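Each chain, written out:
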Amino acid sequence: MCPALEALMQADGTPYSGKGVMLEPFVHQVGGHSCVLRFGEQTICKPLIPREHQFYRNLPPEMRKFTPQYNGVVSVSFEEDEEGNLCLIAYPLHSESVDYENKDPSADCQEPKSRMLKWSNKKQSPLLQENENYSKDRARNSRKEDKIMSYNREEVQQQQAEVLYFSLEKGNVVPQIKHNPWSLKCHQQQLQRMKENAKHRNQYKFILLENLTFCYSVPCVLDLKMGTRQHGDDASEEKKANQIRKCQQSTSASIGVRLCGMQVYQSDSGQLMFMNKYHGRKLTLAGFKEALYQFFHNGRRLRHELLSPVLRRLREMKDALEACESYRFYSSSLLIIYDGDPPRTPSRPRHRGGEEGDEDEPSDEEEEEEEGAFGFPRSSSTSTAGGLSGGSSSRSSHGAGEASSPEVDVRMIDFAHTTCRHYGEDSVVHEGQDSGFIFGLQNLITIISELEDHSTD
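Every chain is numbered on its own, with residues counted from 1 as its sequence reads. With the structure being a predicted model, the display of local features is reserved for residues of pLDDT at least 70 and the display and counting of side-chain atom pairs for 80 or more, all residues being used for whole-chain, interface and lining totals. To obtain the side-chain values, all non-hydrogen atoms of the structure were used and water was disregarded.

1. Here we look at the sheet that holds strand β2 (residues 24-25)
For clarity, the threshold we go by: Should DSSP find at least two bridges between two strands, the strands are taken to pair. Helix and strand assignments follow DSSP, with helices taken as H or I runs no shorter than four residues and strands as E runs no shorter than two, numbered in order from the N terminus.
Pairing is antiparallel in the open sheet, where seven strands are placed in the order β1-β6-β5-β8-β4-β3-β2. In this open sheet, the two strands that pair with only one neighbour each are β1 (21-22) and β2. Inspection of the sheet shows strand β5 (residues 70-80) paired to strand β6 (residues 86-92) by seven bridges, in the antiparallel sense. Residue S77 lies in a different strand from β6, and its bridge partner there is I89.

2. What about the nonpolar core?
In summary, soluble globular proteins display a tendency toward joint burial of nonpolar side chains. Keep this limit in mind: Buried Ala, Val, Leu, Ile, Met, Phe, Trp, Tyr and Cys residues that are joined via side-chain atoms within 4.5 Å together make up what is termed a nonpolar core. Buried, partly exposed and exposed residues are distinguished by accessible area as a fraction of the type maximum, computed with a 1.4 Å probe on protein chains only: under 20%, between the cut-offs, and over 50%, respectively. Contact criterion: two residues are considered in contact whenever any of their non-hydrogen atoms come within 4.5 Å of each other.
If you look at the biggest cluster of nonpolar residues, it comprises 67 residues, and the most contacted ones within it are F296 and L334. For this core, the element with the highest residue contribution is helix α12 (residues 435-455), accounting for eight residues. Discounting chain neighbours no more than four positions away, the residues touching L334 are L222, D223, L224, M226, L314, M317, V410, R411, M412, L441 and L444. Membership of the second largest hydrophobic core comes to 19 residues, among which are L23, V74, V76 and M194.

3. What to know about the pairing of strand β7 (residues 163-167)
Every second residue of β7 is oriented toward a common face, the buried set being L164 and F166 and the non-buried set V163, Y165 and S167. In this structure, β7 lies alongside strand β11 (residues 271-275), joined through five bridges in antiparallel fashion. Counterpart to S167 in the pairing with β11 is Q271.

4. Notes on helix α5 (residues 181-196)
The periodicity of an α-helix, 3.6 residues per turn, causes residues three or four places apart in sequence to face the same way. Stated formally: By definition here, a helix of n residues has an expected span of 1.5 Å times n minus one.
Between its first and last C-alpha atoms α5 spans 23 Å; for 16 residues at 1.5 Å apiece the expected length is 22 Å, and the two agree. What α5 keeps buried is the set P181, W182, S183, L184, C186, H187, Q188, Q190, L191 and M194.

5. Structural notes on the packing of aromatic side chains
Put simply, the rule reads: Stacked, tilted and edge-to-face are the three classes assigned to paired rings of Phe, Tyr and Trp, where Trp is represented by its six-membered ring and a pair needs centres within 6.5 Å; plane angles under 30 degrees give stacked, over 60 edge-to-face, the rest tilted. Note on geometry: a ring has a charge over it if NZ (lysine) or CZ (arginine) is within 6 Å of the ring centre and within 35 degrees of the ring normal.
The full count for this structure, using the stated rule, is 12 aromatic pairs. For the ring pair F329 and F437, a centre distance of 5.9 Å and an interplane angle of 65 degrees mean the geometry is edge-to-face. Taken together, the positions of F329 in strand β12 (residues 328-330) and F437 in helix α12 put the pair 108 residues apart, joining distant regions of the chain. Feature note: the residues F55, Y56, Y70, Y327, F329, F415 and F437 constitute an aromatic cluster, connected by ring pairs. Positioned above the aromatic ring of Y330, the side-chain terminus of R229 is 4.0 Å from the ring centre.

6. Brief notes about the sheet that holds strand β10 (residues 257-266)
As a reminder, the rule being used: Every axis corresponds to a line fitted to the C-alpha atoms, with the helix fit spanning only the stretch in contact, and the corresponding angles, defined between N-to-C directions, vary from 0 to 180 degrees.
Spatially, six strands are ordered β7-β11-β10-β9-β13-β14 in an open sheet, and the strand pairing comes out antiparallel. Single-partner strands in this sheet number two, and they are β7 and β14 (408-413). Pairs of neighbouring strands in the sheet enclose a mean axial angle of 15 degrees, with direction left out of account. Where strand β13 (residues 333-339) meets β14, six bridges bridge the pair, whose relative direction is antiparallel. Across the sheet, S333 pairs through a bridge with I413, a residue of β14.

Written as structure tokens, this is what we have:
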């Protein structure tokens, strides 16, 4: 295999014995429609989209700290083992200029497919398991097809719900997230598409990116669709009209940001709450504020210590974007990530698996939230984005106090519709800043600042 990929896998702790890398659903994907897969502990992969690939390969220096690290390209094949289990296998891409559409996926495989690991036996989610009442004597071909959509009726109903709760079990380690309804939905759709095209195409290019959730025991992830416009310059009239309608009917038009997905750990109940994009589109400004409150609330109290670091990152990102001439980040998202089960003291190092134990519980007085449906102050603005401005200045600065701050991450992702004047093939060249994205960032800063002010009252 290529030395670069081998070095990446060694650093990632990914086993490789010459037979490719088994890809699994990335359980922390909470939004988007592209399938994100787990390549290793520190690396994920997703289908290569030329425009997004171009962005990562020509990333402006000022944007690097606000995007996932790009780690190259792999070839992914859709395969079945002797038992009919459907697998996605990553292989080294020896040359990015080679046409891999009709290449035999076993060419780089030094061992027969029958010896490959089966992803269905590795960390398999209950949402992917076959119905126990499934008849074992059905024909082999029917069994293969049913492995794609092996949900029972109750699980299908759960997939269709917009807000879901899953209980996480605690043992000798911190709670582990082993399934996510949105990531599994995207994974099933990817398998289905590749299965349908298997006769015509058996390899696909995927890009490798940094796994932003790697350092967190129980990642809480918020996916926010940014900007007042979502369609790219090359969108069809139908696509353009559809995207404009979604923006007008959601908070995208009014404040330049809408909820696209969320998972948050509630330590009081040991449950993980998921919200999907369909719920996010329905939120009013007040509902969006309440959803942000929920994201920073652990079921016992508002995690107010997270707000200042998040605000600092958002302000730094805003400054960087204001320096980006000609860029437009249409349909890009913002990820906010923190640990839902952090170490009890900053000075106490903890394994990635962690140790069992809850945070120190606050007093009843600290738990009480009096104003608003979720504790957000009722006096906060309910007007459209035009009425949101400013935002309090950060009460923390870089320096001694930062070392003890909780670890949070704020990154931009999804650049399939990004454009700038350096993309020579684009027919439309924009001037100045991406005012729609910056508008959304400023309103997000204002809302979180209001939440921070309220939490210190």
